[in-house]
Amino acid sequence: MAYTPEEEQELNEIKAWWAENYKTLIASVVVAFAGVFGWNYWQSYQINKTQQMSSLYEQVVYSSQDIVTKSAQIDQFVQANHKTSYAVLALLEKAKLEVEKKDFVQAEQSLKQALAQSTDQTLSSISALRLASVQFQQQAFDAALESLKLVKETSWDSRKSLLTGDILLAKGDKVAAKASYEQALQHASNLEAQWLQVRLNNL
C-alpha cells in the first residue's frame, strides 16, 4: 500500500524526531526503572534493618545480665543505632535501671542523652518528663521545671502539671502548686485525680 505525500511527510518527521530523541527516551525509561528498583531496594533494606535493630534491642533490653554488663551493652547499642527510636527506648530502660538502684546522677545523664537522641515528639516528651522527675529527686527544682518545658505532647499534660505542682510545693509556693494541681485535674485519669485530690486536701 502506497503512502500519500502527506503520510510520507508525517513518517519522515517521525523518523527524524526519533533519530533526534531516541537516546533521551531510552535514558528516561532506564532511569525510571532504576528509580523504581532503587526505591524498592531501599524500602526492603530499611525493613530488614529495622527488624534486625528490633531483634538486637530485645536481646539487649530483656537480657538477664547484671546491670553493669547490661548498661555497657545498651551504650554499644545506642552508639551503633544513633538517632533512632530504639536508641531512645534503650536509654530509657537504662535510666530506669539506674533509678531503681537510686543512681539519680547517672539516670539524669542517660535521660539527657535520650533527649539528644530523640527525633520523635512523643519519646522526647517521655524523656523530658522522666528527666524532670529525676531532677526533682535530686532537689534540682529549677532544672526540673526547665525540663518540663520540653514536654510538648499534650497527652502528658496532666502528668506534667502534677509534677510541676509537686516541684512548686517543694519550693514553698503553695499558691502556684495549687494552680498546677487544679490544671492537672482537667485531663487527669481516675488514679491521677485521686493523687491530685490528696495533694489539694493537704495544701
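Residues numbered from 1 in each chain as written. Predicted model: local features only at pLDDT ≥ 70, side-chain atom pairs only at ≥ 80, totals over all residues. Heavy atoms only, no water.

Caption draft 1: Up close: the overall build of the chain. Looking only at helices and strands, the chain has 9 helices and 0 strands in total. Along the chain, helices and strands appear, N-terminal first, in the series α-α-α-α-α-α-α-α-α. Relative to its full complement of 203 residues, the chain shows a buried share of 32%. Carbon and sulfur atoms make up 55% of the accessible area of the chain, which amounts to about 13200 Å² in all. (Helix = DSSP H or I, 4+ residues; strand = E, 2+ residues; numbered from the N terminus. Buried < 20%, exposed > 50% of the residue type's maximum accessible area, 1.4 Å probe, protein only. Areas by Shrake-Rupley, 256 points an atom, 1.4 Å probe, with all protein chains shown as cover.)

Caption draft 2: Examining helix α9 (residues 190-202) more closely. With 13 residues, α9 should reach 18 Å at 1.5 Å per residue; the first-to-last C-alpha distance of 19 Å fits that figure. Those residues of α9 not exposed but buried are Glu192, Leu196 and Leu200. Looking straight down α9, one finds its buried side chains confined to an arc of 70 degrees; they lie on one side. Opposite the buried face of α9, at more than 90 degrees from it, the exposed residues are Asn190, Gln194, Asn201 and Asn202. (Expected span 1.5 Å × (residues − 1). Arc of directions from axis to C-beta.)

Caption draft 3: Structural detail: the packing of helix α7 (residues 157-170) against helix α8 (residues 174-185). Between α7 and α8, the least distance of the axes is 8 Å, while the angle of their chain directions is 165 degrees. Classified by the angle between their axes, α7 and α8 sit roughly antiparallel to one another. Where α7 crosses over α8, the two elements pack in a sense that is left-handed. Side by side, α7 and α8 meet where Ser158, Ser161, Leu162, Thr164, Gly165, Asp166, Leu168 and Leu169 of the first sit next to Lys174, Ala176, Ala177, Ser180, Tyr181, Gln183 and Ala184 of the second. Partitioned by chemical class, the residues of the contact of α7 with α8 number 7 nonpolar, 6 polar and 2 charged. (Axes fitted to C-alpha atoms, helices over the stretch in contact; angles between N-to-C directions. Parallel < 35°, antiparallel > 145°, perpendicular 65-115°, else oblique. Left-handed = near helix turned anticlockwise from the far one by under 90°. Contact = heavy atoms within 4.5 Å. Nonpolar A, V, L, I, M, F, W, Y, C, P; charged D, E, K, R; others polar.)

Caption draft 4: Expanded view of helix α6 (residues 141-148). Among the residues of α6, Phe141, Ala144, Leu145, Ser147 and Leu148 are the ones counted as buried. Along the axis of α6, the buried residues cluster in a sector spanning 160 degrees; they form a single face.

Caption draft 5: Highlighting the environment of Gln138. Residue placement: Gln138 occurs in the loop between α5 (121-137) and α6. For Gln138, a relative accessible area of 29% puts it in the partly exposed group. Excluding residues within four positions of it along the chain, Gln138 makes contact with Phe104, Val105 and Glu108. At 3.0 Å, the side chain of Gln138 forms a polar contact with the side chain of Glu108. (Polar contact = N/O pair within 3.5 Å; in protein donor to acceptor, adjacent residues only side chain to side chain.)

Caption draft 6: Here's a closer look at the packing of aromatic side chains. Counting across every chain of the model gives 1 aromatic pair. A ring pair is formed by Phe136 and Phe141, whose centres lie 5.9 Å apart and whose planes are at 45 degrees; its orientation type is tilted. (Phe/Tyr/Trp six-rings, centres within 6.5 Å; stacked < 30°, edge-to-face > 60°.)

Caption draft 7: Quick peek at the packing of helix α3 (residues 85-100) against α5. Packing of α3 against α5 brings their axes to within 11 Å, and their N-to-C directions diverge by 20 degrees. With respect to their mutual orientation, α3 and α5 come out roughly parallel. Every pair of crossing elements has a handedness; the one defined by α3 and α5 is left-handed. In this structure, α3 uses Ser85, Val88, Leu89, Leu92 and Val99 to contact α5, whose residues at the interface are Leu123, Ile126, Ser127, Arg130 and Val134.

Caption draft 8: Geometry of the side chain of Ser127. Inspection of the secondary structure puts Ser127 in helix α5. Not counting chain neighbours up to four residues away, the residues in contact with Ser127 comprise Val88, Leu92, Leu111, Ala114 and Leu115.

Caption draft 9: How the structure looks around the side chain of Gln135. Tracing the chain through its elements places Gln135 in helix α5. Taking relative accessible area as the criterion, Gln135 reaches 3% and is therefore assigned buried. Looking at Gln135, its side chain comes within polar contact range of the main-chain nitrogen of Ala144, at 3.5 Å. For Gln135, the residues in contact, after removing those within four places along its chain, are Glu108, Lys112, Ala140, Ala143, Ala144 and Ser147.

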